[in-house]
Amino acid sequence: MSGLLGCSLLEEPAASTPPPVHYDVAAPALPAPSAQLSFDPRVARLMPDTYVGTEQLCDLTMVGAERTLRPEEVFGYRLPFARARHARCSGTTGEGWADLYFRKDREDLADQMAIGTRIRVVVLAGEGGFDDYTPLDVVAVVGPTPPDAPRHPVAEEPSVADSFDDPEVDHEVRTCAVAYGGQIQRIVNGSIEAPREEEGAPEPTEVRYRSPTSPVPYPGSASHRLSVVCQHASGESWVDVVFTRETFPSALDVIRGRTMALRVFRAEGGVGNHPIAVFLPQGAAAPSALPVEPAAVDSDAGTPDDTGSEAAGNTQPTP
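Quick look at the structure, then. (Residues numbered from 1 in each chain as written. Predicted model: local features only at pLDDT ≥ 70, side-chain atom pairs only at ≥ 80, totals over all residues. Heavy atoms only, no water.)

**Details of the environment of Ser237**
Operational definition: Runs of H or I in DSSP of at least four residues are treated as helices and runs of E of at least two as strands, each being numbered from the N terminus. Buried, partly exposed and exposed residues are distinguished by accessible area as a fraction of the type maximum, computed with a 1.4 Å probe on protein chains only: under 20%, between the cut-offs, and over 50%, respectively. Contact criterion: two residues are considered in contact whenever any of their non-hydrogen atoms come within 4.5 Å of each other. Each polar contact in these results corresponds to two N or O atoms within 3.5 Å; when the atoms are within protein, one needs to be able to donate a hydrogen and the other to accept it, and residues that are neighboring in sequence are counted only if both atoms are side-chain atoms.
Here Ser237 shows up in strand β10 (residues 235-244). For Ser237, a relative accessible area of 3% gives the class buried. For the pair Ser237 and Asp162, spaced 75 residues apart in the sequence, the C-alpha separation amounts to 9.6 Å. Not counting residues within four places of it along the chain, the set of residues in contact with Ser237 comprises Ser163, Phe164, Asp165, Val228, Val229, Cys230 and His232. In this structure the side chain of Ser237 is engaged in a polar contact, spanning 2.8 Å, whose partner is the side chain of His232.

**A look at the state of the cysteines**
Going by this rule: In what follows, a disulfide is any cysteine sulfur pair within 2.5 Å.
A full pass over the atoms with the stated rule returns 2 disulfides. In this model Cys58 forms its disulfide with Cys89; the gap between the sulfur atoms is 2.0 Å. As the torsion about the S-S bond is roughly -85 degrees, the Cys58-Cys89 disulfide counts as left-handed. Of the two residues, Cys58 sits in strand β1 (residues 55-68) while Cys89 sits in strand β2 (residues 81-91), which places them 31 residues apart along the sequence. Among the residues examined, Cys89 registers a relative accessible area of 0% and is labelled buried. Bridging Cys176 to Cys230, the disulfide has an S-S length of 2.0 Å. What sets the handedness of the Cys176 and Cys230 disulfide is the S-S torsion sign, and at about -95 degrees it is left-handed. Here Cys176, found in strand β6 (residues 173-181), pairs with Cys230, found in strand β9 (residues 222-232); they are 54 residues apart in sequence, far enough to count as distant. Note on accessibility: Cys176 and Cys230 belong to one class, buried.

Here is the structure:
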């Protein structure tokens, strides 16, 4: 009898509770423009209307090679730039890439760029420099980076999370273990904002969801996006991650080693034809908190707002 009982126990599935996922992508507080605080160039990508033309401090953590600027590269700025160097600046919200421009009467400053140096710059644009980095006009070398300046930890190795290979659009919450986060881009009326130098580019048009392969497939409330590589058990997947007008500051926190919650919005059609997923703030990852509304397909209908951001209760400044 006891032998039969033992067999029946072996046939029963083992009860286990998976460990909870810790979503550690937060929403850094966006500082007001200040000439006294160190500056993260990615903030200018989020809010170019606020930062372009302002003077900022840049604490250099990486400096690239010098290059000569061609006249056509800087024609739109109407300033006599001669040389440039790409670099990374560390600020209160993290680190970001910048393209440092040097005017003809300040060319000697290019030779003074070094890791651990604080410089003063003027923001020329949110993007459009070398490799689409944020272009900065170098005004002066302030001196060594102060010891109390913000220090940001080295990126950690990503964990293993859900796969985004050929996802079905079931609005399921999935976990992305970030292996790589690309450049932040603004979305205007459903279209990626054209770089500054593309002056002949057409203006963004209103989004109309005529079919699943619409050329502008982003949600109506999308304000920013970036390409992310999510690591999972069988490899890595590229995902086009979208942020809304309420959650866009969280894009600054999407760096290697972080984990975040996403919801699949479209299985394809993003940048690189990758899946499009909407970022979910901390505390909004429970499926019960995410009412699902199907995307509109009527060409006369307005833009759908299928982001679930309302469930987050997260209010942030409008870019």
